[in-house]
Amino acid sequence: MTTSTPPPHLDFRAFVDALRSDNDLADINAEVDPNLEVAAVTRRAYELQSKAPPGAHDGLFRILGASGGLSSDPQFPYRRLVRHVGLSPNASLGDFIDKMLSAKGKPGIPPVHVETGPCKENKLFGNDIDLTKLPAPLLNKADGGNYIQTMGINIVQHPTKAWVNWSIARAMVLDKTRMVGLIMKPQHIARIYAQWIESGKDMPFAIALGAPPIAVMASSMPLPEGVTESEYVGALCGEPLELVKCETNDLYVPARSEIVIEGTVSITERAKEGPFGEMHGYSFLDEELMEPIYNVAAITYRSGNAILPISVPGRATGPDETHTLIGTLASAEIRQLLQENGLPVLNVFTPYETQVIWAAVQVDRKKLWVLETNAEEFCRKIGQLVFRRKCGMQIHRLLIVGDDIDPFNFKDVIWSYASRCRPGMDEYHFEDVAAYPLVPYMSHGPGTKLTGGKVVANCLLPHEYKQEQMWVTCDFENGYPEEIKEKVLRRWSDFGL
Ligand code: MN
């Protein structure tokens, strides 16, 4: 292993240092209670777009909240996000999506296995393991347990194939040596878990907390089945990621992780999991999930107060990682899917204001004319592609917008939806596709819970499918000749404005 300090996207502690040097980190040395207080500080930091708050510890672990929230610098709100992937702090969301897609079509670069690494500096086994003593935070007053795993990478391997899947799936502390976590279809972790049930053996797992930030990003991205995320990270970085073997099973974890929890997920034992305040801003009091039990066999961690990263999902008035990571990365994957199917799509984005339930699909209208299509044919095609793939799983409303609309600007998106999409006639419904069960109107609304409730909203007027737009937009930018705009800007301060 190299001894020089790795860049922030490859080392969580270097990432924390980078936030500190960006003046985007608040070091809290006062005692903060993991029982709701840590989460309340984090939640408020998202909402006020304050500095990221590392919280108090028990002499063993520290906590970092809001690692993927919006930055405290209004000039560069996405700085924390783009820092995850090694981009310059002023990179846009579009640049971030381009970066995450930059390894598409490139061969994966398999990780290298190293002998040891920072995550092996301390090891706990057997009776020394007591999850109840760790500062696993209670995140919301309605939550059913203390969630130790909200930002770590769940690592599992298919029992027969070489596919190793990395994802992020929540888990709470059950007792000293057991956790219980959501393993939800159609996520890859659930597909692999189903294979282990068939094999009759418990599923080995590792959870890497405080993993290299770019690996966390790849784990949040809905990459297609069979893609090994660690190889995708290698291709993104142009160099292999360093992994080290687990103590108690054959899985490999990022050597530069802060904390690693390892063991097996039972294929027979379940326990009550949740309620949990989820990404749409609700913690439902009647949530009664029975989920698989994680038996913990070892915990290893970095010296110098290892850092436990946490996410506190909620209303996107303060976007958190369930929006900035999950939504933005689904956008990337949807754009890739539509473009590789030859559709004239420029960009895709899930506005945070919609809790990332909606995705705006920006269409190059000049290229659209060449297709000689119409709203119905075009919207149905896009719905069939997106709603039947993993990347479209959590999206319930696709808005097809023109290239005069910036999909990253919600004011643009909502203006086009409100004014160009005729209720009824411009809406193409999909009732036979897999729903996202966490959306409140699916879990607690009328009708089927697991299928349907999806729509493509056409926000293009019919003539835009074949010719230049037949309107002038009535705003300062578009409604006046250049010389008038220049004159007004020149005289603006003279007017006392
Ligand atoms: Mn996967």
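Residues numbered from 1 in each chain as written. Predicted model: local features only at pLDDT ≥ 70, side-chain atom pairs only at ≥ 80, totals over all residues. Heavy atoms only, no water.

1. A look at the overall build of the protein chain
Reasoning step 1: Counting secondary structure elements, the protein chain contains 14 helices and 20 strands.
Reasoning step 2: Scaling as 2.2 N^0.38, a compact globule of 497 residues should have a C-alpha radius of gyration of about 23 Å, and the protein chain matches this with 23 Å.
Reasoning step 3: Overall size of the protein chain, expressed as C-alpha extent along the three principal axes, is 75 × 55 × 45 Å.
Reasoning step 4: A buried classification covers 56% of the 497 residues belonging to the protein chain.
Reasoning step 5: Looking at the protein chain alone, contacts between residues at least 24 apart form 72% of all its contacts between residues at least 6 apart.
Reasoning step 6: Accessible surface, the protein chain: about 21,000 Å² in total, of which carbon and sulfur atoms supply 52%.
Reasoning step 7: The average position of the 49 basic charges and that of the 62 acidic charges among the side chains of the protein chain differ by 1 Å. (Helix = DSSP H or I, 4+ residues; strand = E, 2+ residues; numbered from the N terminus. Rg over C-alpha atoms; globule rule 2.2 N^0.38 Å. Buried < 20%, exposed > 50% of the residue type's maximum accessible area, 1.4 Å probe, protein only. Contact = heavy atoms within 4.5 Å. Areas by Shrake-Rupley, 256 points an atom, 1.4 Å probe, with all protein chains shown as cover. Lys, Arg positive; Asp, Glu negative; His and termini not counted. Charge placed at Lys NZ, Arg CZ, Asp CG, Glu CD.)

2. Description of the domain arrangement of the protein chain
Reasoning step 1: Structurally, the protein chain comprises domain 1 (8-310) and domain 2 (325-465).
Reasoning step 2: When each unit is reduced to the centre of its C-alpha atoms, the spacing between domain 1 and domain 2 is 29 Å.
Reasoning step 3: At the interface, 30 residues of domain 1 touch 28 residues of domain 2.
Reasoning step 4: When domain 1 packs against domain 2, the two sides together hide about 2,600 Å² of surface, and 73% of this comes from carbon and sulfur.
Reasoning step 5: Area buried by domain 1 at its contact with domain 2 is led by P222, M279 and H280, which between them contribute 27% of it.
Reasoning step 6: On inspection of domain 1 and its partner domain 2, the count reaches 2 salt bridges.
Reasoning step 7: Taking the shortest distance from any N to any O, the salt bridge between K104 and E333 comes out at 2.6 Å.
Reasoning step 8: Our count for the contact surface shared by domain 1 and domain 2 stands at 6 residue pairs in polar contact (both at pLDDT 80 or more).
Reasoning step 9: Looking at the side of domain 1 that touches domain 2, the elements that each hand over two or more residues are α4 (93-101) and α6 (213-220).
Reasoning step 10: It is α4 that contributes the most residues to the side of domain 1 that touches domain 2, 7 residues altogether. (Domains from an automatic or database assignment. Buried area = accessible area lost by both parts, 1.4 Å probe. Salt bridge = Lys/Arg side-chain N within 4 Å of Asp/Glu carboxyl O. Polar contact = N/O pair within 3.5 Å; in protein donor to acceptor, adjacent residues only side chain to side chain.)

3. Focus: the coordination of the manganese ion
Reasoning step 1: Of the protein atoms, only N165 (OD1), H188 (ND1) and E229 (OE) coordinate the manganese ion, at distances of 2.1 to 2.4 Å.
Reasoning step 2: Coordination of the manganese ion draws on donor residues from a single chain, spaced N-x22-H-x40-E in sequence. Of this pair, N165 sits in strand β7 (residues 164-167) while H188 sits in helix α5 (residues 188-199); the two residues are 23 residues apart in sequence, bridging distant segments of the chain. Each member of the pair, N165 together with H188, is buried. (Donors = N, O, S within 2.8 Å, 3.2 Å for Na, K, Ca; no water.)

4. Some remarks on the confidence of the model for the protein chain
Reasoning step 1: Model confidence for the protein chain is summarised by a mean pLDDT of 95, while 98% of its residues fall at 70 or above.
Reasoning step 2: Confidence scores differ between elements of the protein chain, with strand β1 (residues 54-55) showing the lowest mean pLDDT of 68 and strand β18 (residues 397-401) the highest of 99. (pLDDT = per-residue confidence, 0-100.)

5. Notes on a nonpolar patch on the surface
Reasoning step 1: Nonpolar side chains collect at one region of the surface, where F476, Y480, I484 and L489 lie side by side and expose about 400 Å² of accessible area between them.
Reasoning step 2: For Y480, the location among the structural elements is in the loop between β20 (454-458) and α14 (482-491). (Patch = residues over 30% accessible without salt bridge, like charges linked within 9 Å, V, L, I, M, F, W, Y side chains within 5 Å.)

6. Details of the sheet that holds β18
Reasoning step 1: If you trace the 5 strands from one edge of the open sheet to the other, you get β16-β17-β18-β20-β19, paired in mixed fashion. Taken across any chain shown, the strands that pair with only one partner, and hence form the sheet edges, are β16 (345-349) and β19 (427-430). Between one strand axis and the next, the sheet turns through 15° on average, direction left out of account.
Reasoning step 2: Summarising the sheet, β18 and β20 pair through 4 bridges and their orientation is parallel. Paired with I400 across the strands is N458, a residue of β20. (Pairing = 2+ DSSP bridges. Axes fitted to C-alpha atoms, helices over the stretch in contact; angles between N-to-C directions.)

7. Structural notes on the sheet that holds strand β11 (residues 242-245)
Reasoning step 1: The strand order β3-β11-β12 describes an open sheet built from 3 strands, whose pairing is mixed. A strand with exactly one partner marks an edge of an open sheet, and here the two such strands are β3 (112-113) and β12 (252-254).
Reasoning step 2: Bridging between β3 and β11 involves 2 bridges; their strand directions are parallel. Each bridged residue has a counterpart across the sheet, and for H113 the counterpart in β11 is L243.

8. Observations concerning unusual backbone geometry
Reasoning step 1: P186 follows K185 through a cis peptide bond whose omega is 0°.
Reasoning step 2: Inspection of the secondary structure assignment puts P186 in the loop between β9 (178-181) and α5.
Reasoning step 3: The omega torsion across G274 and P275 is -5°, close enough to zero to call that bond cis.
Reasoning step 4: Relative to the helices and strands, P275 resides in the loop between β13 (259-273) and β14 (289-301).

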